[in-house]
Amino acid sequence: MSSRRQEDLSQNRFLQVLRASFEGIYRQAAQRGDRTVILVPCAECLEAEHFGQSFVETHLLQASPMPGCFMNHLGQGVEIKENSVATQLGFQEHRLCEVLQKDSMYDLSNTFKVLVIDKPLIGRFKPLSAAVPEPGSAGNLDDLLLHSPSIQGESFDEVDRFRKTFVQVPGCENRTAERIREIVTEAVDKLSRQHKVTSASQVAQLEFKVSRQAYTALYSFIFPHLQSLLTEKEDQLQRSVRSYASPDDLLKAVPGGERLCFVDVTESAAELELLEGKIAPHEKIECVDKAHALLQKSIASLAPERSSTPMEITGDDVLSLFILVVYRSQVKNFLAHVCHMEMYLQGPSRSGGGARFEEAGYAVSALQAGLQFFMEEERPVAPTGPSVFSCLGSQGPEEASHLQGLVRSARAQAAR
């Protein structure tokens with residue numbers, strides 16, 4: 001096995017495209033369970049952002065009766081040895097690939113193997129640069145799990161046991177998040193002791209990495225539950241959004257909206273649409289934060305000559321514009337994505353509710369305020385009624401008002 005840094009599979013473009021654009025093929029492969037091996041070209045070697053069906057099917061393998069021999073979805077033969085993958089029958093070019101990483105993935109109620117390889121079986125690729133140095137410095141915290149196989153194995157076993165034994169009950173999503181944090185904290189503490197990581201910032205980075213891996217592994221366990229739970233509310237949200245015939249009609253209903261018609265929210269809305277392809281809540285938060293930054297950039301680029309008098313954009317105006325961003329984007333599972341982010345952000349955590357909220361909490365709050373506008377019958381910008389997440393079941397007062405607290409925090413910052 002290579003000593004290169006372990007890849008975060010949730011960020012690999014090939015896997016993202018496979019899941020988003022070839023869902024039927026991916027589902028078919030996943031349902032074969034341990035007979036399936038998915039070859040994932042590492043992110044560094046990929047030249048393209050988009051992949052055709054032939055490229056995808058080339059890298060989805062099914063075991064044959066002969067040990068070490070596999071057949072892909074195109075009927076071509078592939079041989080897998082301990083740390084290498086070689087093309088055999090049916091390929092125009094013989095290619096030998098190094099296995100950089102071995103993982104087991106659980107999805108669609110099945111577990112199957114994933115091998116990260118240094119180059120694709122077909123097509124052009126970028127040769128890998130020199131391997132990263134051995135861990136031991138602050139810049140190589142991502143390597144610690146890779147170089148701690150026993151801790152990595154124990155952490156995966158805990159996540160897998162949790163997935164198989166925990167029963168998700170509506171209204172108990174906070175408890176699910178708490179248990180994930182417990183598993184992550186235990187793994188981080190073990191890694192910190194073994195590798196003598198003492199810096200608070202390094203521990204926070206390490207926890208961010210470990211928690212992202214845990215949430216990625218649990219995606220198929222958590223997210224469908226949230227989707228199912230919020231179906232009725234999602235439908236209500238979409239009907240409310242569609243009740244406005246045009247952006248101009250919406251701006252008339254938003255306080256101060258008519259004066260904001262010159263702001264172009266196209267880039268921000270397009271960025272927000274990328275939520276549908278994100279797996280871990282960490283990446284979803286970063287997506288929302290970028291959408292918020294693009295909105296602020298659009299505001300800053302307003303040409304003075306577009307208005308006869310200088311126009312001052314306030315914090316409340318930004319929240320109003322984010323309502324327009326929600327309207328212009330085509331996200332189908334808004335509430336499920338926000339609830340997924342809330343599970344990660346809530347509660348005291350070295351990299352979660354505290355640090356991450358400081359960095360991107362205002363952007364997430366702006367999104368929540370935009371959604372709350374459409375969920376409220378009177379549609380105020382600052383929600384005064386129950387949280388949109390009150391539909392999650394019998395929650396205590398603290399949990400039920402969590403969304404309102406975030407929005408109030410955003411508006412307090414805007415008023416400064």
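Look above for the structure.
What you see is a predicted model, and the numbers here were worked out from it, not measured in a lab. (Residues numbered from 1 in each chain as written. Predicted model: local features only at pLDDT ≥ 70, side-chain atom pairs only at ≥ 80, totals over all residues. Heavy atoms only, no water.)

## Some words on the overall build of the chain
Right, so step 1: Each helix and strand in the chain was counted, giving 16 helices and 7 strands.
Right, so step 2: Counting all 416 residues of the chain, 50% fall into the buried class.
Right, so step 3: Across the chain, contacts joining residues at least 24 apart in sequence account for 71% of those joining residues at least 6 apart.
Right, so step 4: Carbon and sulfur atoms make up 50% of the accessible area of the chain, which amounts to about 19300 Å² in all. (Helix = DSSP H or I, 4+ residues; strand = E, 2+ residues; numbered from the N terminus. Buried < 20%, exposed > 50% of the residue type's maximum accessible area, 1.4 Å probe, protein only. Contact = heavy atoms within 4.5 Å. Areas by Shrake-Rupley, 256 points an atom, 1.4 Å probe, with all protein chains shown as cover.)

## Digging into the nonpolar core
Right, so step 1: Leu250, Val288, Leu295, Phe334, Leu367 and Phe374 are the most contacted members of the largest nonpolar core, which totals 73 residues.
Right, so step 2: Tallying contributions element by element places helix H14 (residues 355–375) first for this core, with 10 residues.
Right, so step 3: Each residue touching Phe334, except ones within four places of it in the same chain, is listed here: Glu234, Leu237, Leu272, Leu275, Val326, Ser329, Leu367 and Leu371.
Right, so step 4: Cys42, Phe55, Leu60 and Val114 belong to the second-largest nonpolar core, a separate cluster that totals 24 residues. (Core = buried A, V, L, I, M, F, W, Y, C linked by side-chain atoms within 4.5 Å.)

## Side note on the pairing of strand E3 (residues 69–72)
Right, so step 1: Alternating residues of E3 divide into Phe70 and Asn72, all buried, and Cys69 and Met71, none buried.
Right, so step 2: Across 3 bridges, strand E2 (residues 60–63) lies against E3 in antiparallel orientation. Across the sheet, residue Gln62 finds its bridge partner in E3, namely Met71.
Right, so step 3: The sheet contact formed by E3 and strand E4 (residues 77–80) spans 3 bridges and is antiparallel. Each residue of the ladder has a partner; that of Met71, found in E4, is Gly77. (Pairing = 2+ DSSP bridges.)

## Describing unusual backbone geometry
Negative phi is the rule for most residues except glycine; trans is the rule for most peptide bonds.
Right, so step 1: Of note, the phi angle at Ser109 is positive, near 65°, even though the residue is not glycine.
Right, so step 2: For Ser109, a relative accessible area of 60% translates into the label exposed.

## A few points about the sheet that holds strand E5 (residues 84–87)
Right, so step 1: The mixed closed barrel is built from 7 strands, whose spatial order is E1-E2-E3-E4-E5-E6-E7. Direction aside, the axes of adjacent strands within the sheet are offset by 40° on average.
Right, so step 2: Here strand E1 (residues 36–41) runs beside E2; their pairing, made up of 3 bridges, is antiparallel. Looking at the pairing, Ile38 lines up with Leu60 of E2. (Axes fitted to C-alpha atoms, helices over the stretch in contact; angles between N-to-C directions.)

## Comments concerning the side chain of Arg163
Right, so step 1: Take Arg163: it is sitting in helix H4 (residues 149–165).
Right, so step 2: Residue class for Arg163 comes out buried when judged on its relative accessible area of 6%.
Right, so step 3: One polar contact links the side chain of Arg163 to the main-chain carbonyl oxygen of Ala217, over a distance of 2.8 Å.
Right, so step 4: Those residues in contact with Arg163 that sit more than four places away from it in its chain are Tyr106, Phe156, Ala217, Leu218 and Phe221. (Polar contact = N/O pair within 3.5 Å; in protein donor to acceptor, adjacent residues only side chain to side chain.)

None of the figures reported here should be taken as evidence of function without further support.
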